[in-house]
Amino acid sequence: MLLKRLEVSGFKSFAKKTSFDFDTPVVAIVGPNGSGKSNVAESIRFVLGEQSMKSLRSKRGEDLIWNGSTAVPRAGRASASIVFDNASRFLNIDFDEVSVERTVHRDGINEYRLNGSVVRLKDIHELMAGANIGQSGHHIISQGEADKILSASVRDRREMLEDALGLKVYQYKKDESVRKLEKTDENLRQVEALRREIAPHLRFLKKQVEKLEKAEEMRSAAVERYKVYFKREDDYLTRAAQRIGTERAQREAELSDIAARVQDAKRVLASASEDTRATRIIELSRELDAVRGKRAEATRKASRLQGEIQALQRITERASVNATEVTHLADEGARATESLRSGTLEGALDFLTTFIGKLRALTQSVSSSDSDIVELKAQLQAALQEEEYLAGLESQHAAGLDAIRAELESARAEEREKERALFELTTLEREARHQISQLSGERERLRLEEEEFKRELAEAAPLLGREILSYATAHVPNELPREEQEREKRDLEKIKIRLEETGLVGSDDVLKEYKEAAERDAFLEKETGDLTAAAAQLRQLIVELDTELSKRFDEGLAAINTEFTKFFGLLFDGGMASLVRMKEEVRTRPELEGEAEQPLDEAERQVVDGIDIALTIPRKRIKSLVMLSGGERALTSIALIFAMSSVNPPPFVVLDETDAALDEANSKRYADMVKALSDKSQLVVITHNRETMSRAGILYGVTMGGDGVSKVLSVKLEEAVQVAK
Ligand code: ATP
């Protein structure tokens, strides 16, 4: 037996814990009206997760809880549990025994437990649906609801059939797939909307990035050119500074050398001006003039003496001259000459004076005598000698003067030479100073160029990136003439301006934003792809499930129809009944009052699959369900319920006074059908019918005492008949 036991506690009239063991294929529950039998069937509905309070004959959860009586206080909660024998694993859970329990508290909170563990209602539903114990409760026929399936709408009827055929699993799967599809489509719409939303921004960013990339290309090309330019500039500045430094040092060394030489030359020239030669020349000239005067005097004297001699000789021609005296005078003159030669000029003058005195004395003593002539001749001789001497002296002085003059001349030439050299040196000095000042000018210009270079570097770095500062490592293919380097500078300036104009250099934010937006778009695109694929899969799955559902439904329907006709024929002694697939238009919104007869608007119409029941009763012209009597309805329902149960037998079926309306003959047939069905499903029948009771293995009598509490006892058939009354 799959259904092993039912335990109820605090549930409706079962104030106390009460158990039912279902050890036989048919268990009958009997008892007087109002004793609590239907509460048993309801407790089974309850525990299996029934959500309709109406189906549990209540308005709210609290109504299910023992409400107390004068004798027994009300309970805080109602609980019911069913124990299944799951050795066959008809429930898809790996336990030999499975207990399902539901508790409802007064605050309306429900708890579900599976083998003692709290689970969700959904878990219970799934577990039960897998074992053909569906939610529609086709296996639990409540009191008076036997013909529920007849009065149901065509659509609900179809659902009940699907449930009975165990197709709910497919339906669930389909519904879930439809839900997933709707969600997927919704997500897809959202994702597409998002993509559309970001698309213009992304396009804008893309254009920006393209511009940026171009700018970046331009920038990196400019960086390379700039590096070479800077390197050249740096090399040039370094070289120029070195050159200027070296040249300046050289020029300064030269200058100090020249300046020292100028000083020397000046000193030499200054000392040369203190020459005494000019004074000496003047002295010598004066001496020469004196000698010349004396010589002229001597010459004049000699001439005079010669004249006197000639006069005396003319006298002598008239008077004789003592030869001895003249000889004597001559001798004296000779001696005087000798002494003049060895003596000084003053000595000679003294001699001459003495000589002249003696000569006069001779003349006086020997007037107009030869001796006078002799003496005069001697004097002449002396005068001539003096003249000769003075001539020698004169030429001596003249030569000395010439020598000094020559000396002076050469000294002057030398001085001029030195002056010229000094002039040359000062020219050189001036030139050297000029060059140094030129170098200072060059250095100043170079300093300005260095500053310009630094300024260019400082300006280029923020625009072109700091990598530009590593220009020192740049490869410079060749040196450029300055004017070409200047041209390069101007070209680079133009590029820089163009780069600045793009306004995009260094806009890392744009790149980052584009990257993020593109990633997001790519993600959304992928998402769109995934969602589209998922939607396609779901659509495919839905189609497959629909096909499968339809196929199985058709097969099930055919099988049910066979059984339906069989049971119907059995109960009605002939006739025919079958379930027919049909389509029905239904409203998409709840019907308003007075609307039933109105034609449906297009938008409000929905065509649904449904099931109609076609039947013919022997000897009667009944074609429609509404024309059936109460008993006939009950028979038709029973035939259908049994047909459904026998085609796809649920583990158990609960029938609550389904047989209430049957006459005796049909009661027997019903009892037989119950017995027959119990081969396939376990049956719990609540009945007042003896025939039905007689087919049960176990009979439970439910009674209610004055305390309003239902009590259960196992009874024998005869007792049961009694209890039931
Ligand atoms: P019948 O044969 O007439 O169909 P029955 O045996 O099926 O009767 P039930 O309908 O199962 O009887 O039980 C109804 C009884 O349960 C009533 O007496 C009702 O007062 C009692 N009952 C229902 N709900 C509660 C509750 N919450 N607390 C106490 N008693 C309750």
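Sequence order sets the numbering: in each chain, residues are counted from 1 along the sequence as written. The predicted nature of this model means local features are confined to residues of pLDDT at least 70 and side-chain atom pairs, given and counted, to a pLDDT of 80 or more, with totals for whole chains, interfaces and linings taken over all residues. Only hydrogens and water are set aside; all other atoms, that is, all heavy atoms of the structure, feed into the side-chain values.

Draft legend 1. Region of interest: the overall build of the protein. What the protein contains, in helices and strands, is 15 helices and 14 strands. The C-alpha radius of gyration computed for the protein amounts to 80 Å, which surpasses the reference 27 Å derived for 725 residues by more than 25%, pointing to a less compact arrangement than a globule. Using a 1.4 Å probe on the protein chains alone, a residue whose accessible area is under 20% of its type maximum counts as buried, one over 50% counts as exposed, and one in between counts as partly exposed. Residues classed as buried in the protein amount to 43% of the 725 residues present. Residues are treated as being in contact if the distance between any of their heavy atoms lies within 4.5 Å. By sequence separation, contacts in the protein at least 24 residues apart represent 73% of the contacts at least 6 residues apart. Under the convention used here, Asp and Glu are negative, Lys and Arg are positive, and both His and the chain ends fall outside the count. Positions of charges follow a simple convention, taking NZ of Lys, CZ of Arg, CG of Asp or CD of Glu. If you average the places of the 112 positive and of the 130 negative side-chain charges in the protein, the two averages end up 6 Å apart. Numbering goes from the N terminus for both helices and strands, where a helix is a DSSP run of H or I of at least four residues and a strand is a run of E of at least two. In this setup the radius of gyration rests on C-alpha atoms only. A globule is expected at 2.2 Å times the number of residues raised to 0.38.

Draft legend 2. Highlighting the packing of helix H11 (residues 508–572) against helix H12 (residues 630–647). Comment: axis = line fitted to C-alpha atoms, over the contacting stretch for helices; angle = value between 0 and 180 degrees taken between N-to-C directions. Following both chains from N to C, one finds H11 and H12 inclined at 140 degrees, their axes separated by 8 Å at the closest point. When the axis of H11 is compared with that of H12, the two are oblique. Crossing handedness for the pair H11 and H12: right-handed. Facing Gly556, Ala559, Ile560, Glu563, Phe564, Phe567, Phe568, Leu571 and Phe572 of H11, the residues of H12 in contact are Glu632, Leu635, Thr636, Ile638, Ala639, Leu640, Phe642, Ala643, Met644, Ser646 and Val647. With respect to orientation, any angle under 35 degrees is reported as roughly parallel, any angle over 145 as roughly antiparallel, any angle of 65 to 115 as roughly perpendicular, and every other angle as oblique. Less than a right angle of anticlockwise turn of the near helix away from the far helix marks a crossing as left-handed, whereas a clockwise turn marks it as right-handed.

Draft legend 3. The sheet that holds strand S8 (residues 140–141), seen in detail. The criterion for strand pairing is that DSSP finds at least two bridges linking the strands in question. Strand order in the open sheet made by the 6 strands is S8-S11-S12-S3-S13-S14, with mixed pairing throughout. Here the strands that pair on one side only, and so sit at the sheet edges, are S8 and strand S14 (710–715). As defined by bridge partners, strand S11 (residues 652–656) adjoins strand S12 (residues 682–686) across 5 bridges and the pair is classed as parallel. Note that in S12 the partner of Val654 across the bridge is Val684. Where helix H1 (residues 37–47) meets the sheet, it contacts strand S3 (26–30), S8, S11, S12 and strand S13 (698–704), and its direction lies at approximately 145 degrees from that of S11.

Draft legend 4. Geometry of unusual backbone geometry. Despite not being glycine, Lys12 has its phi angle at roughly 45 degrees, a positive value. Using a relative accessible area of 12% as the deciding quantity, one classes Lys12 as buried. The backbone phi angle of Arg89 is positive, close to 60 degrees, even though this residue is not glycine. If you trace the backbone, Arg89 turns up in the loop between strand S4 (77–85) and strand S5 (97–105). Classification of Arg89 by relative accessible area gives partly exposed; the value is 33%.

Draft legend 5. Spatial organisation of H11. For H11, built from 65 residues, the straight-helix expectation of 96 Å at 1.5 Å per residue is met to within 8% by its first-to-last C-alpha distance of 89 Å. Positive backbone phi, at 60 degrees, marks Asp573, one or two positions downstream of H11. For a helix, the expected span equals 1.5 Å multiplied by the residue count minus one.

Draft legend 6. How the structure looks around the packing of aromatic side chains. Side-chain rings of Phe, Tyr and Trp, where Trp is taken by its six-membered ring, are said to pair if the distance between their centres is within 6.5 Å; with planes under 30 degrees apart they count as stacked, over 60 as edge-to-face, and otherwise as tilted. Applying the stated rule across the entire model yields 16 aromatic pairs. Centre to centre, the rings of Phe567 and Phe642 are 6.0 Å apart; their planes meet at 65 degrees, and the pair counts as edge-to-face. With Phe567 in helix H11 and Phe642 in helix H12, the pair connects residues that are 75 residues apart, well separated along the chain. With respect to burial, Phe567 and Phe642 carry one shared label: buried. Members of the aromatic cluster, joined through ring pairs, are Tyr226, Tyr229, Phe230, Phe453 and Tyr471. Charge over a ring is defined by NZ of Lys or CZ of Arg lying within 6 Å of the ring centre and within 35 degrees of the ring normal. The ring of Phe553 has Arg158 sitting right over it, with the charged end atom 4.2 Å from the ring centre. Directly above the ring of Phe567 sits Lys566, whose terminal nitrogen or CZ lies 5.6 Å from the centroid.

Draft legend 7. The pairing of S12, seen in detail. For S12, the buried fraction is high: 5 of the 5 residues fall into the buried class. With burial as the criterion, each face of S12 is covered, one bearing Gln682, Val684 and Ile686 and the other bearing Leu683 and Val685. Where S3 meets S12, 4 bridges bridge the pair, whose relative direction is parallel. Along S12, the bridge assignment pairs Ile29 with Ile686.

Draft legend 8. Region of interest: the environment of Ala696. By the secondary structure assignment, Ala696 is in the loop between helix H14 (690–694) and S13. Separated by 672 residues in sequence, Ala696 and Thr24 place their C-alpha atoms 7.7 Å apart.

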